[in-house]
Amino acid sequence: MKKSAYADSPCIKICKINTSNGFCEGCLRTVDEIAVWSTLNDQQKQKVYLDIGDRKKSLESSSLNPVRID
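Owing to the predicted nature of the structure, the values given are computational and were not obtained by experimental measurement.

Thresholds, definitions, all that
Residues numbered from 1 in each chain as written. Predicted model: local features only at pLDDT ≥ 70, side-chain atom pairs only at ≥ 80, totals over all residues. Heavy atoms only, no water. Salt bridge = Lys/Arg side-chain N within 4 Å of Asp/Glu carboxyl O. Helix = DSSP H or I, 4+ residues; strand = E, 2+ residues; numbered from the N terminus. Buried < 20%, exposed > 50% of the residue type's maximum accessible area, 1.4 Å probe, protein only. Phe/Tyr/Trp six-rings, centres within 6.5 Å; stacked < 30°, edge-to-face > 60°.

What follows covers the pattern of salt bridges. Evaluation of the coordinates by the stated rule reveals two salt bridges. Taking the shortest distance from any N to any O, the salt bridge between Glu-33 and Arg-55 comes out at 2.8 Å. On the criterion of sequence distance, the pair formed by Glu-33 in helix H1 (residues 31-36) and Arg-55 in helix H2 (residues 42-60) is long-range, its members being 22 residues apart. Grouping residues by exposure puts Glu-33 and Arg-55 together as buried. Asp-51 is the salt-bridge partner of Lys-47, the closest N and O atoms lying 2.9 Å from each other. Note that Lys-47 and Asp-51 are positioned in helix H2 at a spacing of four residues, about one turn of the helix. Here Lys-47 falls in the partly exposed class, since its relative accessible area comes to 49%. Given a relative accessible area of 19%, Asp-51 falls into the buried group.

Turning our attention to the packing of aromatic side chains. Using the criterion set out here, one finds one aromatic pair in the structure. With a centroid separation of 5.8 Å and 75° between ring planes, the pair formed by Trp-37 and Tyr-49 is classed as edge-to-face. On the criterion of sequence distance, the pair formed by Trp-37 in the loop between H1 and H2 and Tyr-49 in helix H2 is long-range, its members being 12 residues apart. You can call Trp-37 buried: its relative accessible area is 7%.

Next up, the structure:
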């Protein structure tokens, strides 16, 4: 069986929710996204990955919400 392109979690083992923006400081997911990750289908996981990319760009350009981005 072929492995899904989105099967792997974006978790990088830095698990701390930033209280000012609600995103995990490691993977930039919300608590809800983390909680349901294993139940999402490929299309839903792809959307989360796209949202993470948008969040990363937004946070990088914002001086109000510094975040560690590896």
